[in-house]
Amino acid sequence: MNNKHQSRSLERHVNAPREHTWNVLNDLIEKLTGGYVIEGDPPPHGPGAVLRLNLPGQRELLGSDEQLVETVLSFEPPWRRAYSVTGPTGLDLYHATFVIRDDNEECHLCWGVVVDPEPSPQGAAFLEFAVATIDRFLDHVVTASEAEGGIGG
């Protein structure tokens, strides 16, 4: 029996400063989810903040109208935001983190997730759905960051 948790990660180079990209990341998370149903400490993005997720394709994948809930676990501006997702994912554990590090005047945006050691078929399908969703979201963050505050633009 394999008892190591599974993980996935994605990375992007961003031709914009870290602080700017951090603000774009958090603004887009809030905008695309419809805003916080509970604000964190400090408001709005801090630990304890809660978002209801309604992602494209989510209903079809989950076979349910039950919403996914994202809860912020750690919020360390301007470089780290960790969160969990609960709901009908088929997973017992879903913890993910966005990290942004400086790269001279630009930055590097990373996302990683850790899930159950042996997810059910539903959990494995949800993991692949989440990775594809975040992959598109990271592209959106890069495009918005570079358009609004890119280096040499």
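Above this text you will find the structure in question.
Residues numbered from 1 in each chain as written. Predicted model: local features only at pLDDT ≥ 70, side-chain atom pairs only at ≥ 80, totals over all residues. Heavy atoms only, no water.

**Focus on helix α1 (residues 18–33)**
Definition in use: Strands here mean DSSP runs of E at least two residues long; helices mean DSSP runs of H or I at least four residues long; both are numbered from the N terminus. For a helix, the expected span equals 1.5 Å multiplied by the residue count minus one. For the exposure calls, accessible area comes from a 1.4 Å probe over protein chains only, and a residue counts as buried if that area is under 20% of its type's maximum, exposed if over 50%, partly exposed in between.
Over its 16 residues, α1 runs 23 Å from end to end, which matches the ideal 22 Å to within 8%, given 1.5 Å per residue. Burial in α1 covers these residues: Thr-21, Trp-22, Val-24, Leu-25, Asn-26, Leu-28 and Ile-29. At the C-terminal side of α1, Gly-34 shows a positive phi close to 90°.

**Quick word on the environment of His-20**
Here is the rule we go by: Contacts between residues were defined by any pair of non-hydrogen atoms, one from each residue, lying within 4.5 Å.
On the secondary structure map, His-20 appears in helix α1. Taking the C-alpha atoms as reference, His-20 lies 8.7 Å from Glu-148; in sequence the two are 128 residues apart. Excluding its chain neighbours within four sequence positions, the residues that come into contact with His-20 are Ala-144, Ser-145, Glu-148 and Gly-149.

**Here we look at the state of the cysteines**
As a reminder, the rule being used: For this text, the term disulfide refers to a pair of cysteine sulfurs within 2.5 Å.
Across all of its chains, the model carries zero disulfides by this definition. Take Cys-107: it sits in no disulfide, and the sulfur closest to it among the cysteines is that of Cys-110, at 9.6 Å. Note on Cys-107: relative accessible area 0%, which makes it buried.

Note that every value here comes from positions in space, so none of it alone points to a role or purpose.
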